Amino acid sequence: MHKNLRSFIEVLRKEGELVEIEAEVDPYLEIAEIHRRVIEQQGKALFFKRVKNSSFPVVTNLFGTNKRIELAFSARPQEFVKTAVEMLDHLLPPKPKELWKYRRMGLDALKLGTKEVKKAPVLERFSREPKLTELPLLQLWHEDGGHFVTLPLVYTESPTTGKHNLGMYRIQRYDDRTTGIHWQIGKGGGFHYFEAEQRGEALPVNVNIGGAPALILAAIAPLPEDVPELMLASLLAGAKIETVKNPLEGGLRLLAEAEFVLSGKVPPGKRRPEGPFGDHYGYYSLAHDYPVFECEAVFHRRDAIYPATVVGKPRQEDFFIGDYLQELLSPLFPIVMPAVRDIWSYGETGFHSLAAAVVKERYAREALGAGFRILGEGQLSLTKFLMLTDRPQDLRDFKKVFECVLERVDWASDFFIFDRTSFDTLDYASGKINHGSKAMLVGVGDKKRELAREFRGALPVGVQKAKVFCGGCIVAEGTSYEKDKTLAERIAISGNFNEFQVVVLHDRVEYADSPEKFLWATWTRFNPSTDIYARDMTVKNNHISYSAPVVIDARMKPWYPKEVEVRDDIKQLVDRRWREYFPSK
């Protein structure tokens with residue numbers, strides 16, 4: 001497939017999937033708002049030729065439709081993964097005839113990994129006097145802490161084992177030579193820095209920008225720790241990833257086909273506030289102290305192109321990348337987790353907030369074991385709410401999955417809340433960064449009930465409106481949390497919604513109008529251990545048994561960060577200039 005970014009851009013141009021914008025645009029808020037409007041219309045990739053205060057063009061929305069995902073990666077990677085899984089099943093024990101049948105896999109395996117080259121495009125320009133302010137980094141939202149690299153390919157190597165990590169950790173520019181580096185918990189680059197800091201050493205780091213689309217995908221893939229991302233990138237690209245020696249003494253190898261590489265180190269013990277940043281949850285993640293990257297040199301192509309993405313309320317570009325990754329890697333889950341048939345994380349919730357899985361229940365409570373296995377696996381361990389069923393399901397159809405589970409759950413034995421667990425860094429529902437709780441909801445076996453699908457009763461005090469979201473689940477619009485903190489608890493015992501299994505208390509009943517709205521507004525706004533109530537809760541043998549309805553308090557709380565919203569003057573600016581950007585429309 002594509003060896004570099006410009007190969008992909010050329011394909012997009014030929015396919016009519018790229019719009020080139022001649023008007024000068026500002027990387028401060030303007031580019032981001034143009035991008036958001038285009039992706040909402042499922043529009044084309046955007047190539048901004050003239051960017052204010054920079055000599056480099058910017059390209060965005062590279063992966064914002066399923067078609068462009070296909071153009072970036074083709075069907076080959078998915079075919080390779082499926083064949084590899086099939087081969088493992090057929091070749092145990094090995095048989096000569098079967099081995100010959102899969103000979104092509106052996107040839108493809110020879111293309112995996114990296115290859116060092118003597119010359120590379122990224123070495124065409126080289127400066128030991130970095131001027132990061134000359135790069136067209138974007139500021140996406142007006143309350144962001146500054147300008148960020150939003151598609152960074154951060155390359156590190158473990159100081160103890162030498163194993164590499166390629167991850168996507170946002171980079172906030174402070175000045176010409178320093179940036180913040182947002183190493184969240186559970187990330188490989190952060191583990192490498194921990195090792196270096198324990199030794200009192202600086203960690204060498206390369207921030208690569210641009211390169212083959214396969215590198216971008218590999219950098220965000222939820223691979224098990226120590227599985228090399230460059231191996232996955234070579235699988236996706238269909239060829240070895242080329243690297244070149246770094247001219248800096250002690251510097252890490254460079255990705256040969258990158259557009260830019262910022263090369264330097266992260267010293268031990270040094271922290272600086274990073275953020276706020278309007279992230280893919282649709283809220284501002286707040287400013288916190290993070291390590292500082294000190295740039296020692298900038299390498300770039302002679303005619304370098306700066307790739308970027310824009311994040312915010314789902315669905316944005318990262319949604320399409322995340323879904324493709326899940327489809328690519330899903331055949332592998334039953335290999336590492338044999339009791340798991342299928343699993344899906346919902347991009348509308350920021351991915352980590354909600355996952356559902358089809359699991360095996362060949363003996364009593366096997367599903368529970370499968371759930372614990374999922375919650376102990378790599379980045380899946382950050383899942384906040386996990387739903388399990390043993391019934392065949394299209395997990396992408398959330399309403400049907402939710403109904404399937406609600407038809408089967410025994411609230412006395414099949415609902416579990418675990419307090420004092422790790423929490424995704426970007427989820428503020430618990431009020432304490434990186435700390436929170438999890439919940440597991442199990443619905444297996446035969447149907448236990450028919451689900452209520454209409455509500456005609458009286459509303460409890462404090463609830464203004466109610467609307468059924470799906471069978472068994474109703475959304476209630478209630479008084480704000482600040483004015484009535486105990487409303488959810490009173491709703492649970494009121495008796496008004498006893499025919500429903502789940503009641504979600506929201507600030508607006510309109511969140512029941514679509515799965516997309518419901519998923520985003522519900523699962524990003526509650527912490528299971530503090531925001532779930534039930535008609536009755538009893539403790540027996542140290543287990544809590546619940547009685548429906550179970551009420552989820554998904555109202556906005558005072559400690560939640562703000563939702564991201566476009567500033568009025570930026571809306572007006574983009575409205576006014578729209579025909580300058582797209583004169584043919």
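**Things to note about the pairing of strand β24 (residues 435-443)**
Two faces belong to every sheet, and in a regular strand the side chains alternate between them. For β24, the buried fraction is high: eight of the nine residues fall into the buried class. Pairing geometry for strand β22 (residues 385-389) and β24, over five bridges, is parallel. Across the sheet, residue F385 finds its bridge partner in β24, namely A439. Note: strand β23 (residues 415-422) against β24, seven bridges, orientation antiparallel.

**Description of the pattern of salt bridges**
Across all of its chains, the model carries 53 salt bridges by this definition. Among the salt bridges present, the one from K49 reaches E22, with a minimum N-O distance of 3.0 Å. Here K49 is found in the loop between β2 (45-48) and β3 (58-60), whereas its partner E22 is found in the loop between β1 (18-21) and α2 (30-40), with 27 residues between them in sequence. Two residues, E563 and R525, come together in a salt bridge whose shortest N-O distance is 2.9 Å. Of this pair, E563 sits in the loop between β29 (543-553) and α17 (568-581) while R525 sits in the loop between α15 (515-523) and α16 (528-531); the two residues are 38 residues apart in sequence, bridging distant segments of the chain. Each of the salt bridges in this network shares a partner with another, and the network as a whole consists of K3, R6, K115, E242, E257, E259, R301 and D303.

**Quick look at the packing of aromatic side chains**
Counted by the stated rule, this structure contains 34 aromatic pairs. With a centroid separation of 5.0 Å and 80 degrees between ring planes, the pair formed by F56 and F260 is classed as edge-to-face. Remark: F260 occurs in strand β14 (residues 260-266) and F56 occurs in the loop between β2 and β3; sequence separation between them is 204 residues. Grouped by ring-pair contacts, the aromatic residues Y346, F385, F398, F402, W411, F415, F469, F518, W523, F526 and Y546 constitute a single cluster. Note that R272 overlies the ring of Y174, its terminal NZ or CZ placed 3.9 Å from the centroid. Of note, K384 hangs over the ring of F526, and the distance from its end group to the ring centre comes to 5.2 Å.

**Here we look at the environment of N541**
Inspection of the secondary structure puts N541 in the loop between β28 (532-540) and β29. In sequence terms N541 and L255 are 286 residues apart; their C-alpha atoms lie 57 Å from each other.

**Side note on the pairing of β28**
Of the strand pairs in this sheet, β28 and β29 are connected by eight bridges, and their pairing is antiparallel. Paired with Y533 across the strands is V551, a residue of β29. Connecting β28 to the antiparallel partner β29 that follows it, the hairpin turn spans two residues, and N541 within it adopts a positive phi of roughly 55 degrees.

**Quick word on the environment of R177**
Positionally, R177 belongs in the loop between β9 (171-173) and β10 (178-181). Residue classification places R177 among the partly exposed positions, given a relative accessible area of 35%. With near-sequence residues (within four places) excluded, R177 lies in contact with R128, E129, P130, L132, F293, E294, C295 and E296.

**Describing the sheet that holds β24**
The mixed open sheet is built from five strands, whose spatial order is β20-β21-β22-β24-β23. Because the sheet does not close on itself, it has two edges, and the strands there are β20 (340-345) and β23. Looking at each pair of strands side by side, their axes are set apart by 20 degrees on average, direction ignored.

**As for the packing of helix α3 (residues 66-73) against helix α10 (residues 317-329)**
Orientation of α3 relative to α10, taken along the N-to-C sense of each, is 55 degrees, at an axis distance of 10 Å. In terms of axis orientation, α3 runs oblique to α10. When you trace α3 past α10, the crossing you get is right-handed. Between α3, through N66, I69 and F73, and α10, the contact on the second element is made entirely by F320, I321 and Y324. Partitioning the contact of α3 with α10 into residue classes produces five nonpolar, one polar and no charged.

**Some remarks on the environment of P228**
Here P228 is to be found in the loop between α8 (213-220) and α9 (229-237). In this structure the C-alpha to C-alpha distance between P228 and A367, which are 139 residues apart in sequence, comes to 31 Å. Ignoring any residue separated from it by four or fewer positions in sequence, one finds P228 in contact with H164 and L223.

**What about the nonpolar core?**
Of all hydrophobic cores here, the largest spans 56 residues; its most connected members are I9, V59, L62, F63, V122, L166 and L215. Ignoring any residue separated from it by four or fewer positions in sequence, one finds V59 in contact with L5, I9, L18, L46, F47, I305, Y306, P307 and A308.

**Regarding the state of the cysteines**
This structure, assessed with the given rule, holds zero disulfides. A disulfide-free cysteine, C473 has its sulfur positioned 5.0 Å from the sulfur of C470, the nearest such atom. For C473, a relative accessible area of 0% puts it in the buried group.

**Brief notes about α17**
Taking 1.5 Å of rise per residue, the 14 residues of α17 would be expected to cover 20 Å, and the 19 Å separating its terminal C-alpha atoms lies within 8% of that figure. Largest kink in α17: about 35 degrees, centred on D575. What α17 keeps buried is the set I570, V574, R577, W578 and Y581. Check the buried side of α17 and you find it contacts β1 and α2.

Analysis parameters
Residues numbered from 1 in each chain as written. Predicted model: local features only at pLDDT ≥ 70, side-chain atom pairs only at ≥ 80, totals over all residues. Heavy atoms only, no water. Buried < 20%, exposed > 50% of the residue type's maximum accessible area, 1.4 Å probe, protein only. Helix = DSSP H or I, 4+ residues; strand = E, 2+ residues; numbered from the N terminus. Pairing = 2+ DSSP bridges. Salt bridge = Lys/Arg side-chain N within 4 Å of Asp/Glu carboxyl O. Phe/Tyr/Trp six-rings, centres within 6.5 Å; stacked < 30°, edge-to-face > 60°. Lys NZ or Arg CZ within 6 Å of the ring centre and 35° of its normal. Contact = heavy atoms within 4.5 Å. Axes fitted to C-alpha atoms, helices over the stretch in contact; angles between N-to-C directions. Parallel < 35°, antiparallel > 145°, perpendicular 65-115°, else oblique. Left-handed = near helix turned anticlockwise from the far one by under 90°. Nonpolar A, V, L, I, M, F, W, Y, C, P; charged D, E, K, R; others polar. Core = buried A, V, L, I, M, F, W, Y, C linked by side-chain atoms within 4.5 Å. Disulfide = S-S within 2.5 Å. Expected span 1.5 Å × (residues − 1). Bend = angle between axes of the 7 residues up to and from the residue.

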